[in-house]
Number of protein chains: 2
Amino acid sequence: MTSKRVGRQTIALAHPPSVVSFANIGSKFEGEGPLGAYFDEVCEDSFFGEKTWEKAESAMQKKVLRRALERASLRPEELDYIFAGDLLNQCIGSSFGLREFGIPFYGLYGACSTMGESLSLAALLIDGGFARLAAAMTSSHFCTAERQYRMPVPYGSQRTPTAQWTATAAGCTVLAEEGPGPYVTHVTCGRIVDKGITDANNMGAAMAPAAYDTLSVFFRDTGTGPRDFDLILTGDLGELGHGIVRDFFARDGVDLGETFQDCGLLLYDREGQDMHAGASGCGCSASVLNGYLLPGMRQGKWQRILFAPTGALLSPTSSFQGESVPGICHAVCLSRERDCTPQEHK
Amino acid sequence: MTSKRVGRQTIALAHPPSVVSFANIGSKFEGEGPLGAYFDEVCEDSFFGEKTWEKAESAMQKKVLRRALERASLRPEELDYIFAGDLLNQCIGSSFGLREFGIPFYGLYGACSTMGESLSLAALLIDGGFARLAAAMTSSHFCTAERQYRMPVPYGSQRTPTAQWTATAAGCTVLAEEGPGPYVTHVTCGRIVDKGITDANNMGAAMAPAAYDTLSVFFRDTGTGPRDFDLILTGDLGELGHGIVRDFFARDGVDLGETFQDCGLLLYDREGQDMHAGASGCGCSASVLNGYLLPGMRQGKWQRILFAPTGALLSPTSSFQGESVPGICHAVCLSRERDCTPQEHK
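Residues numbered from 1 in each chain as written. Chains lettered and ligands numbered in written order. Predicted model: local features only at pLDDT ≥ 70, side-chain atom pairs only at ≥ 80, totals over all residues.

Peer 1: Please clarify how the environment of Leu334(B) should be interpreted in this entry.
Peer 2: All names here are of chain B. With respect to the helices and strands, Leu 334 occurs in strand E17 (residues 331-335). Separated by 315 residues in sequence, Leu 334 and Val 19 have C-alpha atoms that sit 9.3 Å apart. Dropping the residues within four chain positions of it, Leu 334 is found in contact with Pro 182, Tyr 183, Val 184, Met 297, Ile 305 and Phe 307. (Helix = DSSP H or I, 4+ residues; strand = E, 2+ residues; numbered from the N terminus. Contact = placed C-beta atoms within 7 Å.)

Written as structure tokens, this is what we have:
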């Protein structure tokens, strides 16, 4: 067992599982953003043909799983597991979106870290010999998130400058024992970190300490540093949270450099699209990973990516009760080459 | 890999992880019920010394983890993972209850199947060589569940005869590579099953098809039948759901017999305590497992238990939008002897 565990929190996978398929979907604003060309499907209708936004979010999960399966010529019954979750109360985006497939299902709640959590668990179960094929997926929807966490969209509430825009998007990755890559070489399970921030309109700042914690642990556990990766990506810290993580590392004498980016800063044109601090939501990092990063790795654009989405583990109720915002960050290391562990590059 | 996977959905663990500690906690009604003597702690105050019921639910999780760690003389930093979730929106019972421990955390949403889901994933990660020690836990609270799913408690709404009573309780199991048992020998990951039932006040009936599906799969995958187990326990189907599962099996010519029980029917004196169809909530099966079943197995009362809690994957929003209630059931086989697989008993 000790051969697999590296340091306190990181697993170096003995036989890194391969990405065998992926798909993403977005809506109007995602299609109009700088990554618009990297979406498999852009649906201008925020209802995705359904009667409610919650049903629309389920429809996104259904579509994105179906597309990922089709792309690899897989039937649903070939998948051993789905790991999925979303931001909706009781994760109904996932349960209603995936109920018709009949695939063994482990439901997750990791808030906006769900793409990292689902990918981690899918990779672990495959590497452990418990599955041949497993899907990892999640979604978010601007309108379902607004009315659940903030105000119903038709109220037209003014947003604070630190606010982020919940992506209307979903993404799905299918992993297998064997395949053309990229490969999941390492996973780091995050701890809950709460530094007492209570502003639910500044979730990037609340989640930044969790990102710093998990990335620091990853570098320490694996003996690597920022320069060992072509990209280090948080999920949806936005402008403020991203800057805070950079500052934290700078205090430690570590320059994260230009390779340190955030899916929430890539998804929209913040000026042109008036998106304030950037994108957020489970669907942000999921759609960026499954439309932009994984295809880019296959094309040779990046050799090694450290993908580390963060989640804010609050609810409207906890905020009303004066609680601070706990954060979590799950990191997944993706590599084009299976046998090329970060240590070997040092 | 094929040596570990049995049939479509079941994993026979190569080196079954051992239960090394457990703890439960309940409140007034749980303490007054027939299993009252099987609680480690009964707190008469439904606030557990906190200012809100949500904070009380977090306090239960904190207390129950602390007690399980103490019982095995473990420090939090010795745990490699916690798998936890609850019924509250965004699972704040778990995130706020566990934030101070600094233990790597994978958040789950399996509704009332969470004790089965968390136990399954903890066992798989240990058997796969990714962890030495992992905790599985969950909670529920009558007052937080009522105001979130139904009506605020002070309204005093009348309950339907099919309604169940959400247990105010929590339970935690700690698993390890080695130990005195009981051992987790098999896990079966459930599929989402939705037979179109829309009555959110009859969740036992909505979840019964999922229990039937997973139990049938388990028996088929392992080549066992009801008589190979000393107890077959669903989590919180209550009187109606429990009867439906028995009827489904009877139609297949299978008599589940007296060993088929339901944690929701064990926890309260339904007549004396006026609990209608029985107990429900994640904390129901979690507290029965960790206070009554695991100690009973250690004392030799039962050799082999099939523990199969079910979850109703609905939300108030999905019900308001006319949706039916999807269910899921995750099964875990617990045995006093490590090398004694059900097949060998046939």
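Peer 1: Got a minute to help me understand the interface of chain A and chain B in this structure?
Peer 2: Interface size is commonly expressed as the accessible surface area that is lost when the partners come together. Listed per partner, the contact involves 52 residues of chain A and 51 residues of chain B. Sorting the residues of the side of chain A that touches chain B by element identifies helix H2 (53-71), strand E5 (81-86), helix H3 (92-98), strand E6 (105-107), helix H4 (114-127) and helix H10 (316-320) of chain A as the ones contributing at least two each. With five residues, the top contributor of residues to the side of chain A that touches chain B is H4(A). Of the residues that constitute the side of chain A that touches chain B, the class distribution is 25 nonpolar, 16 polar and 11 charged. (Nonpolar A, V, L, I, M, F, W, Y, C, P; charged D, E, K, R; others polar.)

Peer 1: Explain helix H9 (residues 282-298) of chain B to me, please; I cannot follow it from the model alone.
Peer 2: Each full turn of the α-helix corresponds to 3.6 residues, which orients residues three or four apart in the same direction. Residues and elements named next belong to chain B. Here H9 contains 17 residues, and its C-alpha end-to-end distance of 23 Å stays within 8% of the 24 Å for a straight helix at 1.5 Å per residue. The sharpest bend along H9 reaches about 40° and sits at Leu 289. Counting buried residues along H9, 14 of its 17 residues qualify, which places the element largely inside the surrounding structure. Positioned one or two residues after H9, Gly 300 has a phi angle of 90°, which is positive. (Expected span 1.5 Å × (residues − 1). Bend = angle between axes of the 7 residues up to and from the residue. Buried ≥ 20, exposed ≤ 12 C-beta atoms within 10 Å, placed from the backbone.)

Peer 1: Where do I start with the relation of the copies chain A and chain B in this structure?
Peer 2: The operation relating the pair of chain copies consists of a rotation about an axis and a translation along that axis. When chain A is brought onto chain B, the operation consists of a screw motion whose angular component is 180° and whose axial shift is 0.0 Å, with 0.0 Å RMSD remaining. The superposition operator between the copies reduces to a two-fold rotation axis. Mapped onto chain B, 98% of the interface residues of chain A are again interface residues, and the two copies thus contact each other with one and the same surface. (Least-squares fit on C-alpha atoms with pLDDT ≥ 70 in both.)

Peer 1: For this particular structure, what's the right way to read the environment of Glu44(B)?
Peer 2: All names here are of chain B. Within the element layout of this structure, Glu 44 appears in the loop between strand E4 (42-43) and helix H2 (53-71). Residue Glu 44 is classed as exposed on the basis of its C-beta count, with 9 C-beta atoms lying within 10 Å. Taking the C-alpha atoms as reference, Glu 44 lies 32 Å from Thr 259; in sequence the two are 215 residues apart.

Peer 1: What am I meant to see in the pairing of strand E10 (residues 183-188) of chain B here?
Peer 2: Residue and element names in this part refer to chain B. When you tally the buried positions in E10, you get six out of six residues, the bulk of the element. When strand E2 (residues 10-12) meets E10, the two strands line up antiparallel, connected through three bridges. Its bridge partner being in E10, Thr 10 is matched across the sheet by Thr 188. Here five bridges tie E10 to E17, and the two strands are oriented antiparallel to one another. For Tyr 183, the partnering residue across the bridge sits in E17 and is Ser 335. (Pairing = 2+ DSSP bridges.)

Peer 1: Whenever I open this one, the packing of helix H6 (residues 203-222) of chain B against helix H7 (residues 238-251) of chain B confuses me. Can you help?
Peer 2: The description of two helices packed together rests on the angle between their axes and the distance between the axes. Residues and elements named next belong to chain B. At a minimum axis separation of 8 Å, H6 and H7 run at an interaxial angle of 35°. Classified by chirality, the crossing of H7 by H6 is right-handed. Contacts between H6 and H7 involve Gly 204, Ala 205, Met 207, Ala 208, Ala 211 and Tyr 212 from the former and Gly 238, Leu 240, Gly 241, His 242, Ile 244, Val 245, Phe 248 and Phe 249 from the latter. Here the residues of the contact of H6 with H7 sort into 10 nonpolar, four polar and no charged. (Axes fitted to C-alpha atoms, helices over the stretch in contact; angles between N-to-C directions. Left-handed = near helix turned anticlockwise from the far one by under 90°.)

Peer 1: Mind showing me how you'd approach the nonpolar core here?
Peer 2: When a protein is soluble and globular, its nonpolar side chains tend to lie buried together. By size, the foremost hydrophobic cluster in this structure holds 243 residues, and its most contacted members are Ala122(A), Ala134(A), Ala135(A), Ala122(B), Ala134(B) and Ala135(B). With residues up to four places along the chain from it excluded, the contact list for Ala135(A) reads Leu65(A), Ala68(A), Leu79(A), Ile82(A), Ala122(A), Cys172(A) and Val174(A). (Core = buried A, V, L, I, M, F, W, Y, C linked by C-beta atoms within 7 Å.)

Peer 1: I'm lost on the domain arrangement of chain A in this one. Help?
Peer 2: Residue and element names in this part refer to chain A. Its domain assignment divides chain A into domain 1 (5-176) and domain 2 (183-339). Each partner contributes residues to the interface: domain 1 has 61 residues there, and domain 2 has 59 residues. Contributions of two or more residues to the side of domain 1 that touches domain 2 are made by strand E2 (10-12), strand E3 (18-27), helix H1 (28-32), H4, strand E7 (133-140), helix H5 (142-149), strand E8 (165-166) and strand E9 (169-176). Its residues assigned to classes, the side of domain 1 that touches domain 2 comprises 32 nonpolar, 22 polar and seven charged. (Domains from an automatic or database assignment.)

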